[in-house]
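Next come the chains, spelled out residue by residue.
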Amino acid sequence: MPTLRIDGLDVTVEPGTTVLEAANFLGLEIPTLCHMDGLSPYGGCRLCLVEIGTGDKARLVSSCTYPAEGGLVARTNSKRVIRTRKMMVELLLSVCPSSKTIQDMACRLGVSRTRFKARNDDCILCGLCVRMCSEQMMAGAIDFTFRGNKRKIMTPFDKKSAVCRTCGGCMYVCPVCMLRCQGPNPPTVVCGSCYNLEPTCTEHFDDYMCYLGTTGSCGTCVREKRPESKKEEATR
Amino acid sequence: MIRPIKNARELAELKDSIVSQRDARKQCISVCCGTGCRASDSVLVKKGVEAEVAKQGLKSEVTVKSTGCHGFCEHGPIIVISPKEIFYERVKTENAGEIVRETLVKNNIIPHLLYTDPATGEKIKSENEIPFYKKQRRRILEKNRLIDPTSISDYIAEGGYEALAKALLEMKPEEIIGEVKKSGLRGRGGAGFPTGFKWDFCRKAKGDRKYIICNADEGDPGAYMDRSILEGNPHSVIEGMIIGAYAIGADEGVVYVRNEYPLAVSNLKAALAQAKGYGLLGKNILGSSFQFDIAIERGAGAFVCGEETALITSIAGRRGEPRQRPPFPATRGFRGKPTNINNVETWANVALIINKGADWYSRIGTEGSKGTKIFSLVGKVNNTGLVEVPMGTTLREIIYDIGGGIKGDGRFKAVQTGGPSGGCIPKGQLDLPIDYESLTAAGSIMGSGGMIVMDDSTCMVDVAKYFLNFLRDESCGKCLSCREGTQRLWEILSGICEGKGAQGDIALLEELALAVKDASMCGLGQTASNSVLSTLRYFRDEYEEHVLHKKCRAFVCGDLVGAPCQTACPLGTEAWRYAALIEKGRYQEAYKVIRENNPFPSVCARVCDHKCETRCKLGATGGEPLAIRALKRFVTDTVDPSAYGPAKAVETVRDRAKVAVVGAGPAGLAAAHYLSLAGCKVTVFEAEQEPGGMLMSCIPAYRLPGEAVRKEIKALLNESIALKCGVALGRDITLDGIFKDGFKAVFLAMGANESLKLNIEGEDTEGIYPSMRFLKGFNLKEEKLAFGHVGVIGGGNSAVDAARVALRQEGVKSVTIFYRRTRREMPAYEEEIVAALEEGVNLETLVSPVKIHSKDGRLVGARCIKNKLGDFDSSGRRSPVPLAGSEFDAPLDTLIVAVGEQPASGFLKAAGLKLHKNGRLCVDEATLCTNRQGVFAGGDIVTGPNTVVDAIAAGKKAAEIIRRHLNGEDLKIAAGTKLPEFYIEPAKISEKELAEAKRVRPTALPAEKRKKSFAEAERAISAKDACREARRCLRCDLKFTQKEEVESGRNGGAVCRH
């Protein structure tokens, strides 16, 4: 049974375990998006990156696909990991700025906006639906087509599938098909209010005990004063 | 009859019988039938040769053979005639008869088919003497030219499959792996993993079956060495694979080759069939118990399928997508079994190592990289083709010695190694010895060996954009980092190239590029940002120029360039606009367009170095550039200067401040002119008796008549400008004095008019004159200093001017220019050199003076030494090296020294101004400020000898800066390219007219007539010619302007789109 060291903690696991599973066993949190228990590991979203090796040989790998080998040294929160992971979230946010899942992810990782032009795609190509369809629903109705920046998920030749039972498994796992936060900010900005539980508005508006953490900018407490700006944001 | 070979003895017997059946004295014509030569009809050439051989009845005496690629594809189709080893290049079908009749029958060499060395002009007879081949070390490619790829006999005759026999029958698998390990062979596909260790892992891996794969998915644009080996010598790859399979314990092999390589596939198929016939594949190979077979798998041409895990997935018939390693293919690969993958070139090395031993193999190369590597040398280099050199060869050797240097007039800028995944290596690292480690340290990779040479017409931001565009399309798209990262990198780069780059873009680019490199799963993603990172590392200034100054120095990024003629002009003259107006016959308007940006239109119409023409798109596309200067001359000769009345600025400077300008040359007068328009009271101080500076004192009248200059100066002076001639700063006035007199700012534009010295013995002898002294003496005071035999030292414009002026003086018997490099390197304008030679000036190149001979204190001659061109120096020119013992004496009565000028600025140092070592004034480039408050400087005094148009531009810029200084505004002028703004209806021109149109040539006085005369040599073109020439303009401006919908009529009925 291989023993490896994650964030300075030694852990012995069953052969065939991934680094992500080993870390989770230790109670270490690694953000994931394209990973789901019950589906095969994919390694496409690059959020679960961890740093393995030391010195010049150190490199980043996706923990969901990397096998837990004996003697492996992994770090889940090194400077390099955090920096790269943030960039990945920023990229995700620019593709699907309206996804609640991605917004929450960004907020948790301390990314509050994306510097890239928002594209408003409805898919981040995490492949959960593809694996769900073939591995759990045994349908195999959809798969990736094309490559590079033209990559898409569709049925063969984009025709109505004969094997699809419209079970909805694909939609169930999709991290993007969710209503986005209906807050006042443009989609490319993450306010992080849902995760910030400090009442911050008390200094400004003592009676409200607002937890939104935006010190008045969200507009809830001063709604009547700023009707235009609210409207403008909503139409964006 | 083909039957299986049972053992080593039978193989040796077969080889002997093949060799003995051949007559070594029999003539053999080998025609290169690689893909490169096939593209230029080498197959037809071969048919032609065969037909002619049959016609001459030589069939029994001559063998005609098609061979693989020789590597020198630039010069294909290539024919080699053995045993004399005659090398013919660029053979056409019509040459076939000639070759057979002359060379085969009569034994004559056909000179026009031989290779000509461009450096010496010599014809070279055999392949090994050609510089391109001479410096190479061809271990792998050598056999390509000897064997017919479709014939196994040829391969066996050259010692083929001997290594297999040795390995299979004499060595244990472990011994083979040990030998490969010892040889230091590393994977030639790019990453450079030690091959022996890879084999070892696979051998030791547990598995009932094992596989080996040959990776022939060569996808780099511009790289084709693997194709060349597979096409030209497939058996070398097959032999390597069988040895590898035996060492690893595999019984099945696959060659994964691109479907775009049909010739490689068919040659390989034929080779496999033949090898099977001889029992070299299949069961009981060479009588041993070992069995092995090879299948061909054709790939659909995805770049990512070069990655080993993607390649394996692709063979299995699924999407070519990489997966996480480990498990490595060596433990779980093809069909889930241990698999070993090597690149074509790696496999081709194996037989060599077994045959000649690891010690022999590792004798060449560097510490960590052994053997040779094939590079495909392409781009802006004279000799493109396949180059095989030992590891550790420097880039300089490859590009200059083998590649023959940079094509055309360009200068070397960078080389991209390793294809799209590699990086750019700049000029400063030309002496880098190439191996895996050094390339990685330089920010690039070995890759499969592509080498794209770039010159200064390449924009590095555009290069990065190009490769990112390739990669965003070729990424498989699995990893977010690679799919989205390359897309975003490309978007940012495109924005920068379109002039939309914002501050922070470069930082974001770098941050994202690093993240893509770190986060991606496979080699494609991990190297995808190399081109961005390496160009950022070495050419950050170019990125900054694009973002901050909205400038593309290579004139590549269209949206930053606008109309190239306008952007190239230091004054921003809208050449396209006046050309279009000339075409419409609107000459007055054309004059206004010219005059608006240039107070010296008729001077520039005669002596401008026309940067506009250099950048003209007509010239860039292989034709001749528009004759913009001739068009300008036509307008300035046709329209009177009074047609233009400059509008005075509404917003004048505070209190009509007094400004002093020192020096009434083009820079000083331009500054005075524009300052006066802004409302300043300007006083111009000029040391000579007449204004004009260099225009009057140096440029001879046959190029620029004094009258034209005087007329121009008169037109640009006005009541706000006071001109004081005969007053020199330092002699008559001082800077302190000027400020005391109430001047609020001073512009120094005294030019550079002190000639440099030769620094040789006896230079102050009578009869030797600095060129400035000589030209000024004649142009201003009519002194005729030259007589007898005149020598001029130097190769610049003042040397040629001095020579031509001397030729026109009485008592001069001959004039000779001595220049230390060759004519190609002469900095003088080509047309001036041609004119001087026509008039009878002698030109002696590769000569330097070493000593002056004098008699009674007077010059009688000079001792000179001959030079040869040595290595390329930092300027990209080859520097002269004196040849010992080649001294000779040249009898001379007058010697004019024109080896450069510098400002006579010694006294300014005393006045407290900062100077550079070469006498030039130190100024802030953006604001022209000297270290003294209120003192500005521009023109030759800052730049050293420069062109007229640059001096005028400096004066114009100074005027704007001084105006801001006086008004207390920010001195920095915001950068930005001015894009064409006015729409002018394009001329309707037929394809036929366009094809037939030729550049107009202004008529000039014949050499005989102008030789003794100072009358202007060149005449203006006629109205008809001007119109015809103007119609040739490609009108690059139309991309940026559009016709106005409403009929307002303003600006010729046009508005700007931007």
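Small disclaimer: the values here were computed from a predicted structure and weren't measured.

A. Local environment of the overall build of chain B. Check the secondary structure of chain B and you find 44 helices and 33 strands. Judged by the C-alpha coordinates and their principal axes, chain B covers about 105 × 65 × 60 Å. Expressed as a percentage of the 1058 residues in chain B, the buried residues total 58%. Put simply, 71% of the contacts in chain B that link residues at least 6 apart link residues at least 24 apart.

B. How the structure looks around the sheet that holds strand E29 (residues 894-897) of chain B. All names here are of chain B. In spatial order, the strands read E21-E29-E22-E23-E24; together these five strands make up an open sheet with parallel pairing. Either end of the sheet is taken by a strand with one partner, and the two such strands are strand E21 (768-770) and strand E24 (842-845). Strand-to-strand twist of the sheet, defined as the mean angle between neighbouring strand axes without regard to direction, takes the value 20°. Sheet topology places strand E22 (residues 788-793) next to strand E23 (residues 812-819); six bridges connect them, and they run parallel. Bridged to Gly791 within E23 is Thr816. Strands in contact with helix H37 (residues 797-807) are E22, E23 and E29; relative to E23, the strand with the most contacts, it is inclined by about 170°.

C. Local environment of the packing of aromatic side chains. Residue and element names in this part refer to chain B. Applying the stated rule across the entire model yields 18 aromatic pairs over all chains. Note on Tyr155 and Tyr161: the rings are 5.2 Å apart at their centroids and 80° apart in plane angle, and the pair reads as edge-to-face. The buried category is assigned to Tyr155, whose relative accessible area is 6%. For Tyr161, a relative accessible area of 0% translates into the label buried. Taken together, Phe72, Phe87, Tyr115, Phe132 and Tyr133 form an aromatic cluster joined through their ring pairs. Sitting over the face of the ring of Phe375, Lys373 holds its NZ or CZ atom 5.8 Å from the ring centroid.

D. Just the environment of B:Thr313, in detail. Residues and elements named next belong to chain B. On the secondary structure map, Thr313 appears in helix H13 (residues 308-315). Thr313 gets classed as buried once you look at its relative accessible area, which sits at 13%. Dropping the residues within four chain positions of it, Thr313 is found in contact with Arg318, Arg319 and Glu321.

E. Local environment of the interface of chain B and chain A. Contacts between the two partners involve 31 residues from chain B, matched on the other side by 37 residues from chain A. For the pairing of chain B and chain A, the buried interface totals around 2,900 Å² over both sides, and the portion due to carbon and sulfur atoms is 51%. Summed over the three residues of chain B that lose the most area to chain A, namely B:Leu480, B:Arg488 and B:Asp518, the buried surface amounts to 22% of that side. A salt bridge links B:Glu474 to A:Arg147; the shortest N-O distance between them is 3.1 Å. Along the contact surface separating chain B from chain A lie 22 residue pairs in polar contact (both at pLDDT 80 or more).

F. Broad picture of helix H31 (residues 628-638) of chain B. Most of H31(B) is tucked away: nine of the 11 residues are buried. For H31(B), the set of buried residues is B:Ile628, B:Arg629, B:Ala630, B:Leu631, B:Lys632, B:Arg633, B:Phe634, B:Val635 and B:Thr636.

Rules and cut-offs
Residues numbered from 1 in each chain as written. Chains lettered and ligands numbered in written order. Predicted model: local features only at pLDDT ≥ 70, side-chain atom pairs only at ≥ 80, totals over all residues. Heavy atoms only, no water. Helix = DSSP H or I, 4+ residues; strand = E, 2+ residues; numbered from the N terminus. Buried < 20%, exposed > 50% of the residue type's maximum accessible area, 1.4 Å probe, protein only. Contact = heavy atoms within 4.5 Å. Pairing = 2+ DSSP bridges. Axes fitted to C-alpha atoms, helices over the stretch in contact; angles between N-to-C directions. Phe/Tyr/Trp six-rings, centres within 6.5 Å; stacked < 30°, edge-to-face > 60°. Lys NZ or Arg CZ within 6 Å of the ring centre and 35° of its normal. Buried area = accessible area lost by both parts, 1.4 Å probe. Salt bridge = Lys/Arg side-chain N within 4 Å of Asp/Glu carboxyl O. Polar contact = N/O pair within 3.5 Å; in protein donor to acceptor, adjacent residues only side chain to side chain.

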